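The lines below spell out each chain.
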Amino acid sequence: MRLHTVLACLLLLAGCGKVWNDPYPASQSGKNILYASFSERPKHLDPAQAYASDEHDFIAQVYEPPLQYHYLKRPYTLIPATAADIPSPRYFDSSGKELPASAAEVDYSVYEIRIKPGILYQPHPAFAKDAAGRSLYLNLKPDDLRDKFGIADFPASGSRELVAADYVYQIKRLAHPRIHSPILGHMSGYIVGLKEYAALIEQEDKALQPAQPGVKPQIWPSLAKHEIAGVQVVDRYTYRIKVRGRYPQFVYWLAMPFFAPVPPEADRFYAQPGMAEKNFSLDWYPVGTGPYMLTENNPNARMVLARNPNFRGEIYPSSGETEDAAEGLLADAGKTAPFIDAVVFTREKESIPYWNKFMQGYYDQSGISNDNFDSAVRVGIEGDAALSPEMARRGIRLKTSVATSVYYLSFNWLDPVVGGQGDAARQARARKLRQAISIAIDNEEFISIFANGRGVPGQGPVPPGIFGYREGDDGYNPAVYEKTGGAWHRKSIAQAKKLLAEAGYPNGRDAGSGAPLVLYLDTTGGGPGGKARLDWYRKQFQKIDVQLEFRTSDWNRFQEKIRKGNTQMFFLGWNADYPDPENFMFLLHGPQGAVKLGGENKANYSNDEFDRLFEQMKNMENGPERQAIIDRMVAVLRRDAPWVWAYHPKDYSLYHAWLYNVKPNLMARNGLKFYRLDPALREVKRAEWNRPVVWPALLLLLLLIAGTLPALRSWRARELAKA
Amino acid sequence: MSAYIVRRAIYAVFILIGVNLITFALFFKVNTPDDMARLQLGVKYVTPEAIAKWKAERGYDKPLLYDGTATGRHKFTDTIYFEKSVEMFRFNFGRADDGRDIAYEISTRMWPSLALAVPVFLVGMLLQITFALMMAFFRATYIDFWGVVLCVVMMSISGLFYIIGGQYLISKLWNLVPISGYAGGFDALKFLALPVAVGVIGGIGSGARWYRTIFLEEVGKDYVRTARAKGLSEVVVFFRHILRNALIPILTGAVVAIPLLFMGSLIAESFFGIPGLGSYTIEAIQSQDFAVVRSMVFIGSALYILGLLLTDISYTLVDPRVRFE
């Protein structure tokens, strides 16, 4: 009986299709759908709040800021998205008189952004109107929502044209106290009137009494009532932003979802009683003008982006880097994107099932975890990476790119031993100690052991691909490397020990007291391989006879120690917000010290020359003059060694043969619109790779049955014996 | 019986207050409201003002347990503990720290948890009892001996091994079912087949060994000898007498577990991509979401108390000698 049941089940499964392990519905078979995954549920989808890359993976397809990065060109180049062109700032003095671009002193800059007419929002019930032009869903009662569990449950939807006022409305949203935009503090320092506007709105929000207990006052009436002094709607398609002083990096912010348009109708729609209880909010269902719209949001299992039927289309770029044509990245030049009908993101928390599903063809692309690196990639003697034979046989392609990130070991500048405080002689000794440590830590070895070679050793704060990064001889840090035999090598341990002795610690002991030098590294410890990494670091310090102790704490305490300056050394990293050296150099800008001012300079590094050069560099346009200043700044940093420049990580990504037009873009995540698929090839490969193998299961079943036979025989014998 | 249930319900309130207090103390020993705000607001460009606003909006700007600046009862009521706990006793769990409705999350996530846990529980128990009965039936034979050896081996293997091994064999090598994922309705069957099989097999070792012990204890009792003396067959003795009398200890373990099936499985849900309550709890702990952690601990405690109560009630059903007193 059991055998019959199992066989029936197997036959039933066999009837389901050619492959049995397909995790997607049969109705999706052969469709033009991209399959991707996500491991953590996005915390926010509201463009005023979302900042993390995994959040931008979704909303960058839905929302369109005025600017975007060119999909193929490197270095990263801004191009218009919804804007008609890249806005050029106009400069003014305090009396409102316009100044030439070359003016030394500027009181404020004005960016006038003109958007393209005729852009439509995705279909959404917030825009739905009846025949008389009255909104259908902006005056709902809680009972009206009884049978509504998703946006699709609203039978009618509408759209309207994108206007400049929507961009201005979103900038106002950044200031609302209940939206908690992470960039409010930063932008308040630049956008004229934003800080005052935020204070006004907060005051008004506090004064508002909710209509019902437990129901918070709505956000949109206050935002509609007041204006930001420095942000204006000029006409239907133009708006203007006034920024304090010069801030050339402001245009990069205009390429981020923070500055994407939000229609006030969406806020009104979602603010209605009963909406929040059903997770109807901008944080759950975005409303944008982009190529895709979020049609299913179940962040516990699956999120689905479907093609926005109102999207105007975007032309695939016809130029890029020189190798792009050879790699087939220009095959679709001039065609109208998006090419893919839908993107299904499936939540995959564990790396083993995720990797296996990629290998079975159920995900179209994948990163490579350390566990799978050896089976996926072969690294040659020269450090060149190539696919393993198994991957190559399957037609999988590998793409590598250096991330616009930096990992570093930071010295706390306020620390009496490794820091930069005290008189000149003491500062010089501490500098030599830091330089000795910088030499001793063999980052090339670290990258090889712990990152499978996926990294570029750091020579300064600016990563490759960002203006200011130097290659060739100028690219090496002379405090740590030296050129011998025509090539650059890390300086010897003997040289490091010599520096250590000059710092007052001959043989790793204090020259005065004879006590061994013990340094402390604050870490968060955990994670796979954490102990091995820490042991490796201890060995690096032992090379110069310095004892290294670890002070492990959880992430919260670790951050608190950094904020309070209770550290000696610690590890951190930084991902670029935008591709400008200012976004890395400011991490060492004295007036942004973490302890004194709560800024991002976690090392609390302070150097007058560096700070002066930073002020000069930050507002300059890219060019030889700016490069020269950056070179001087990097030279100061290399000499002072406030960080041990660890490495810039390299991203390795794998793509199946049926996925085209993939080029990693580390600054923007809106590239899905340019991806193209060959679903027929995918079906063929899936069928080939996933043929069900039934005989082992049948064999196991037979063995199980055979195993019970002795018992049955024994029972029978016992029964008969009694009889 | 009603008086007994009422008495237990009153005890339960105090137990829940205690559990809630301990959860609160442990959570805030590790995290401060500032830490929670930083985690929600991100690590870049977060200003002290933004943190203060976040805390004020969610009521985390108040003292934890005692407000010395307040007067009268407000010393205790104007605190984080009181404000966050009172509503929970009305089963109003409020919103997670990321703003999402906890009750909605629980209502959507409990079904996938149950879809996995119920079959594992029922099929698992059936197989364990069957296997245990077989070992007890063939006690002191090679079947019993090797059965116990197999049980010890199976219970010595980590649950994670069953999961990874099952995924490797059944999904990767044999391509029989999806390796992970979940869908509603009948589509759930193909996703649940593997986790249910893994859950059942993983639990056989310890379960069958435990039930075998119970059965063997019963086998030696006088009523069994009497039944045999009456000429009943061994099968009848086992299924009509021993199994029925062994139900009390079996119920002790089983009934108390039934309400907890709602809480889901932490590891299996994660590996098989099942969006249940087990993974919800783990995520909340990782993201330091106190609102979710306290809600899940509260529900877990309440369900455990309910399980114990159901166990007591079930005793009276299977053993007439037991009475509520």
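Everything in this summary refers to the structure shown in the same document. This is a predicted model, so every value here is computed, not measured.

**Focus: the overall build of chain B**
Across its full length, chain B holds 15 helices and zero strands. Across its three principal directions, the C-alpha atoms of chain B cover 80 × 60 × 35 Å. Out of the 325 residues belonging to chain B, those deemed buried represent 49%. In chain B, of all internal contacts separated by at least 6 residues, the share reaching a separation of at least 24 is 68%. For chain B, the exposed area adds up to about 15400 Å²; of that, 70% sits on carbon and sulfur atoms. For chain B, the separation between the mean place of its 30 positive charges and that of its 25 negative charges on side chains is 6 Å.

**Structural notes on the overall build of chain A**
The helix and strand tally for chain A stands at 22 helices and 27 strands. Expected size for 723 residues packed as a compact globule is a radius of gyration near 27 Å; at 30 Å, chain A falls within 12% of this value. Taking the principal axes of the C-alpha coordinates as reference, chain A spans close to 100 × 80 × 60 Å. Counting only residues that meet the buried cut, chain A has 53% of its 723 residues in that class. Of the contacts made within chain A by residues no fewer than 6 positions apart, 71% connect residues no fewer than 24 positions apart. Of the roughly 30600 Å² of accessible surface on chain A, 55% is carried by carbon and sulfur atoms. Within chain A, the 80 negative side-chain charges are centred at a point lying 4 Å from the centre of the 87 positive side-chain charges.

**Topic: the pairing of strand 6 (residues 108-114) of chain A**
Residues and elements named next belong to chain A. Extensive coverage of strand 6 is indicated by the burial of five of its seven residues. The sheet contact formed by strand 4 (residues 90-92) and strand 6 spans three bridges and is antiparallel. Bridge pairing in strand 6 links Phe-92 to Tyr-108. As paired strands, strand 6 and strand 8 (residues 238-244) are joined by seven bridges and run antiparallel to one another. Bridged to Ser-109 within strand 8 is Val-243.

**Quick word on empty space enclosed by the protein**
Scanning the model with the defined rule gives two cavities of 30 Å³ or more in all. Reported here for the largest cavity is a volume of approximately 70 Å³. Taken together, 13 residues form the lining of the largest cavity, with Asn300(A), Arg347(A), Lys349(A), Gly273(B) and Ile274(B) sitting closest to its centre. Each residue belonging to the lining of the largest cavity can be placed in one class, and the counts come to three nonpolar, four polar and six charged. For the second largest cavity, the calculated volume is near 50 Å³. Lining the second largest cavity, in full, are Ser438(A), Asn443(A), Gly458(A), Asn477(A), Val480(A), Tyr481(A), Arg490(A), Val644(A) and Trp645(A). Residues belonging to the lining of the second largest cavity are distributed by class as follows: four nonpolar, four polar and one charged.

**Some thoughts on the packing of aromatic side chains**
All names here are of chain A. Scanning the model with the defined rule gives 62 aromatic pairs over all chains in all. Consider the rings of Phe-250 and Phe-259, whose centres lie 5.7 Å apart with planes at 80°: the pair is edge-to-face. When its relative accessible area of 1% is taken as the criterion, Phe-259 is described as buried. Among the aromatic side chains, those forming a connected cluster through ring pairs are Tyr-51, Tyr-69, Tyr-76, Tyr-252, Trp-253, Phe-258 and Tyr-578. One Lys or Arg, Arg-394, reaches over the ring of Trp-689 and ends 4.6 Å from the middle of that ring.

**What about the nonpolar core?**
Residues and elements named next belong to chain A. In this structure, Ile-241, Phe-250, Trp-253, Phe-259 and Met-585 are the most contacted members of the largest nonpolar core, which totals 134 residues. In this structure, Phe-259 is in contact with Pro-65, Pro-66, Tyr-167, Gln-170, Ile-171, Leu-174, Ile-183, Met-187, Ile-191, Phe-250, Trp-253 and Leu-254, ignoring residues within four places of it in sequence. Residues Leu-409, Ile-447, Val-546 and Met-569 belong to the second largest nonpolar core, which totals 36 residues.

**Focus: the interface of chain B and chain A**
Facing the 57 residues of chain B at the interface are 68 residues of chain A. Summed over both sides, the interface of chain B with chain A buries roughly 5500 Å², with 49% coming from carbon and sulfur. A per-residue breakdown of the area chain B buries against chain A is headed by Lys44(B), Tyr45(B) and Arg100(B), which together make up 16% of the total. Taken together, chain B and chain A are joined by five salt bridges. A salt bridge links Arg347(A) to Glu283(B); the nearest nitrogen and oxygen atoms lie 3.0 Å apart. The interface formed by chain B and chain A holds 17 residue pairs in polar contact (both at pLDDT 80 or more) in total. Its residues placed into classes, the side of chain B that touches chain A shows 26 nonpolar, 14 polar and 17 charged.

**Brief notes about the sheet that holds strand 5 (residues 98-99) of chain A**
Residue and element names in this part refer to chain A. An order of 5-4-6-8-7 is seen for the five strands of this open sheet, with the pairing classed as antiparallel. Taken across any chain shown, the strands that pair with only one partner, and hence form the sheet edges, are strand 5 and strand 7 (231-235). Pairing of strand 7 with strand 8, which is carried by four bridges, proceeds in the antiparallel orientation. Pairing of Asp-235 across the sheet is with Thr-238, part of strand 8.

**Overview of the side chain of Asp267(A)**
Secondary-structure assignment places Asp267(A) in helix 8 (residues 264-270). If we ignore the near neighbours within four places in the chain, the residues touching Asp267(A) are Tyr169(A), Arg173(A), Ile219(A), Trp220(A) and Leu282(A).

**Digging into a nonpolar patch on the surface**
Residues and elements named next belong to chain B. Taken together, the side chains of Val-6, Ile-10, Val-13, Phe-14 and Ile-17 make up a nonpolar region of the molecular surface, amounting to roughly 450 Å² of accessible area. Its place among the elements puts Ile-10 in helix 1 (residues 2-30). A residue is classified by how much of its surface remains accessible, and Ile-10, at 46% relative accessible area, is partly exposed.

**Structural notes on unusual backbone geometry**
Peptide bonds are trans in most cases, and residues, glycine excluded, mostly fall at negative phi. Residues and elements named next belong to chain A. With an omega of -5°, the peptide bond between Arg-74 and Pro-75 qualifies as cis. Inspection of the secondary structure puts Pro-75 in the loop between strand 2 (67-69) and strand 3 (78-80). With an omega dihedral of 5°, the bond running from Ala-337 to Pro-338 counts as a cis peptide bond. Within the secondary structure, Pro-338 sits in the loop between strand 12 (336-337) and strand 13 (342-347).

**What to know about the environment of Leu698(A)**
Residue and element names in this part refer to chain A. As for its position among the elements, Leu-698 is in helix 22 (residues 695-722). You can call Leu-698 partly exposed: its relative accessible area is 28%. Sequence separation of Leu-698 and Lys-498 is 200 residues, and the distance between their C-alpha atoms is 71 Å.

**Describing the sheet that holds strand 9 (residues 292-298) of chain A**
Residue and element names in this part refer to chain A. Read from one edge to the other, the open sheet built from four strands follows the order 1-13-10-9, with strand pairing classed as mixed. Edge strands, defined here as strands with exactly one partner in the open sheet, are strand 1 (33-38) and strand 9. Looking at each pair of strands side by side, their axes are set apart by 20° on average, direction ignored.

**Topic: the packing of helix 6 (residues 102-137) of chain B against helix 7 (residues 142-156) of chain B**
All names here are of chain B. Look at helix 6 against helix 7: their axes get within 8 Å of each other, and the N-to-C directions meet at 140°. The element helix 6 and its partner helix 7 pack so that their crossing is left-handed. Contact residues: helix 6 offers Phe-131, Met-134 and Met-135, while helix 7 offers Ile-143, Asp-144, Gly-147, Val-148, Leu-150 and Cys-151. In the contact of helix 6 with helix 7, the residues fall into seven nonpolar, one polar and one charged.

**Side note on the pattern of salt bridges**
If you walk through the whole model with that rule in mind, you get 64 salt bridges over all chains. Note that Lys564(A) is salt-bridged to Glu560(A), the shortest N-O span being 3.0 Å. A residue pair is termed a helical-turn pair when its members lie 3 or 4 positions apart in one helix, as Lys564(A) and Glu560(A) do in helix 16 (residues 555-564) at four residues. When salt bridges with common partners are traced through the structure, they connect Arg41(A), Arg347(A), Lys349(A), Glu105(B), Arg109(B) and Glu283(B) into a single cluster.

**A word on helix 3 (residues 164-174) of chain A**
Given 3.6 residues per helical turn, the α-helix brings residues three or four places apart onto the same face. All names here are of chain A. For helix 3, the buried fraction is high: 10 of the 11 residues fall into the buried class. What helix 3 keeps buried is the set Ala-164, Asp-166, Tyr-167, Val-168, Tyr-169, Gln-170, Ile-171, Lys-172, Arg-173 and Leu-174. For helix 3, the secondary structure elements touched by its buried residues are helix 4 (184-188), helix 5 (194-207), helix 6 (220-225), strand 7, strand 8 and helix 8.

**Topic: the environment of Ser158(B)**
With respect to the helices and strands, Ser158(B) occurs in the loop between helix 7 and helix 8 (159-173). On the accessibility criterion, Ser158(B) (42% relative accessible area) is partly exposed.

Parameters at a glance
- Residues numbered from 1 in each chain as written.
- Chains lettered and ligands numbered in written order.
- Predicted model: local features only at pLDDT ≥ 70, side-chain atom pairs only at ≥ 80, totals over all residues.
- Heavy atoms only, no water.
- Helix = DSSP H or I, 4+ residues; strand = E, 2+ residues; numbered from the N terminus.
- Buried < 20%, exposed > 50% of the residue type's maximum accessible area, 1.4 Å probe, protein only.
- Contact = heavy atoms within 4.5 Å.
- Areas by Shrake-Rupley, 256 points an atom, 1.4 Å probe, with all protein chains shown as cover.
- Lys, Arg positive; Asp, Glu negative; His and termini not counted.
- Charge placed at Lys NZ, Arg CZ, Asp CG, Glu CD.
- Rg over C-alpha atoms; globule rule 2.2 N^0.38 Å.
- Pairing = 2+ DSSP bridges.
- 1 Å grid on protein atoms, 1.4 Å probe; cavity = no way out; pocket = protein on both sides within 12 Å on 5 of 7 lines; lining within 4 Å.
- Points joined across faces, edges and corners; volume = space filled by probe spheres on them.
- Nonpolar A, V, L, I, M, F, W, Y, C, P; charged D, E, K, R; others polar.
- Phe/Tyr/Trp six-rings, centres within 6.5 Å; stacked < 30°, edge-to-face > 60°.
- Lys NZ or Arg CZ within 6 Å of the ring centre and 35° of its normal.
- Core = buried A, V, L, I, M, F, W, Y, C linked by side-chain atoms within 4.5 Å.
- Buried area = accessible area lost by both parts, 1.4 Å probe.
- Salt bridge = Lys/Arg side-chain N within 4 Å of Asp/Glu carboxyl O.
- Polar contact = N/O pair within 3.5 Å; in protein donor to acceptor, adjacent residues only side chain to side chain.
- Patch = residues over 30% accessible without salt bridge, like charges linked within 9 Å, V, L, I, M, F, W, Y side chains within 5 Å.
- Axes fitted to C-alpha atoms, helices over the stretch in contact; angles between N-to-C directions.
- Left-handed = near helix turned anticlockwise from the far one by under 90°.

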